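Chain residues, written in single-letter form:
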Amino acid sequence: MIEATLCFPLRGDDDPTTTNESDGEVLLIEKRRGLGEGWYNGPGGKCEPGETPRECAVRETREEVGLEVRNLEKAGELTFRLDGETHTFCHVYRTRSFTGEPTSSEEAHPEWVSVEDVPYDQMWEDDRLWLPGVLEGNTAVGEFRFEGGEPLDEADFVDHDLEWGAPLETDPDEKSAT
Ligand SMILES: Nc1[nH]c(=O)nc2c1ncn2[C@H]1C[C@H](O)[C@@H](COP(=O)(O)OP(=O)(O)OP(=O)(O)O)O1
C-alpha cells in the first residue's frame, strides 16, 4: 500500500462560502511523469520513510513546482482500491499560505486555474467527485474502487463511497507548523 499526498494551494477569493461568482484560483500541475502522467492534479507524491504526510506534501510541492507551502489544512483522506486491494491511501491538503512563484520541473508543469474552471475531463475520474467540495472548504473521506489491474491510471473506475464534513485529525507528529 502506497501512502501519498496531494496539496492544493489557493489564492484569491478568501471567503469560499460566498455565493457570488468566485475569482479564486487553485494551483494545479500537469503531471509530466509517474502515475497520472499527462493529467492535471495537485502537486504531491509518495511519502518517504520517516516522513509525516504533511512533510511529504510540503516537500513534494517544493520539488515539483518550487513553492514553499505552510499552514496546510487537512481536507481529505482518500483510499484508492485496485481489484479489491488498497493501492494508495492519499492525504489531501489545501493552503492559502505559500511563498515563491510556481515554476516547471521535470515532474510537473504548474498552472493557476479558476476554481470554477478546473479541467476535470483531463484529471483522474474520481477528482470531479471530491475536489469541488475540497476547493470549497469542505472535508472529504472517500473510497474509490478501480478494476482491471496495474497500472492504476489505466484501470477502470467502478464505484465509490464518499462522506463529507468529517473532522480530520491534524498530524500528531507535526513539528514545524507547516
Ligand atoms: N485516483 C487518484 N486520484 C487522484 O486525484 N490522485 C491520485 C489517484 N491515484 C494516485 N493519485 C496521486 C496521489 C499522489 O500524489 C500521486 C502518486 O503518484 P506517483 O506514485 O507517480 O508519485 P510521484 O509521481 O510523485 O512519484 P514520487 O515523486 O516518486 O513520489 O498520484
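Before any of the text, the structure's been laid out above.
The structure displayed is predicted, hence computed values, not measured ones. (Residues numbered from 1 in each chain as written. Predicted model: local features only at pLDDT ≥ 70, side-chain atom pairs only at ≥ 80, totals over all residues. Heavy atoms only, no water.)

Asker: Got a minute to help me understand helix α1 (residues 53-65) in this structure?
Answerer: Residue pairs spaced three or four apart in an α-helix point in one direction, given the helix's 3.6 residues per turn. In a regular helix each residue adds 1.5 Å, so 13 residues correspond to 18 Å; α1 covers 18 Å between its end C-alpha atoms and thus fits that length. What α1 keeps buried is the set P53, R54, C56, A57, V58, R59, E60, T61, E64 and V65. Phi for G66, located one or two positions after α1, is positive at around 75°. (Helix = DSSP H or I, 4+ residues; strand = E, 2+ residues; numbered from the N terminus. Expected span 1.5 Å × (residues − 1). Buried < 20%, exposed > 50% of the residue type's maximum accessible area, 1.4 Å probe, protein only.)

Asker: What is the right way to look at the site of the ligand in this model?
Answerer: In the neighbourhood of the ligand, 21 residues make up the surrounding shell, with T5, L35, K46, D126 and D127 lying closest. The contact in question runs from an oxygen atom of the ligand to an N or O atom on the side chain of K31, over 2.9 Å. The contact in question runs from an oxygen atom of the ligand to an N or O atom on the side chain of D127, over 2.6 Å. Isolated, the ligand exposes 640 Å² of accessible area, and the fraction of that covered by the protein chains is 87%. Those elements that place two or more of their residues in the shell around the ligand are β1 (2-11), β4 (44-46), α1 and α2 (127-135). By residue class, the composition of the shell around the ligand is eight nonpolar, five polar and eight charged. (Near = heavy atom within 4 Å. Polar contact = N/O pair within 3.5 Å; in protein donor to acceptor, adjacent residues only side chain to side chain. Areas by Shrake-Rupley, 256 points an atom, 1.4 Å probe, with all protein chains shown as cover. Nonpolar A, V, L, I, M, F, W, Y, C, P; charged D, E, K, R; others polar.)

Asker: Got a minute to help me understand unusual backbone geometry in this structure?
Answerer: For residues besides glycine, phi is generally negative; the peptide bonds are generally trans as well. Here E150 and P151 are connected by a cis peptide whose omega angle stands at -5°. Take P151: it is sitting in the loop between β10 (140-147) and β11 (156-164). In the Ramachandran plot, N71 falls in the positive-phi region, its phi being about 50° despite a non-glycine side chain. Assignment of secondary structure puts N71 in the loop between β5 (68-70) and β6 (73-82). Take N71: its relative accessible area is 47%, and that puts it in the partly exposed class. In this structure, D83 is a non-glycine residue whose phi angle is positive, near 50°. Along the chain, D83 turns up in the loop between β6 and β7 (85-95). Of the residues examined, D83 reaches a relative accessible area of 43% and is grouped as partly exposed.

Asker: Got a minute to help me understand the nonpolar core in this structure?
Answerer: Across soluble globular proteins, nonpolar side chains show a tendency to be buried alongside one another. Ranked by internal contacts, the top residues of the largest apolar core, which has 27 residues, are F8, V118, W130, L131 and F146. Elements supplying a minimum of two residues to this core: β1, β2 (25-31), β6, β7, α2 and β10. Those residues in contact with V118 that lie beyond four places of it in its chain are V26, L28, V113, M123, L131 and L135. (Core = buried A, V, L, I, M, F, W, Y, C linked by side-chain atoms within 4.5 Å. Contact = heavy atoms within 4.5 Å.)

Asker: Just checking my understanding: could you explain the side chain of D153 for this structure?
Answerer: Tracing the chain through its elements places D153 in the loop between β10 and β11. Of the side chains with opposite charge, K31 lies nearest to the buried D153, which makes no salt bridge, at 7.4 Å. At a separation of 2.7 Å, a polar atom in the side chain of D153 contacts the main-chain amide nitrogen of G36. The residues contacting D153, other than those within four sequence positions of it, are G34, L35, G36, E37, W39 and W124. (Lys, Arg positive; Asp, Glu negative; His and termini not counted. Salt bridge = Lys/Arg side-chain N within 4 Å of Asp/Glu carboxyl O.)

Worth remembering: the numbers are spatial, not functional.
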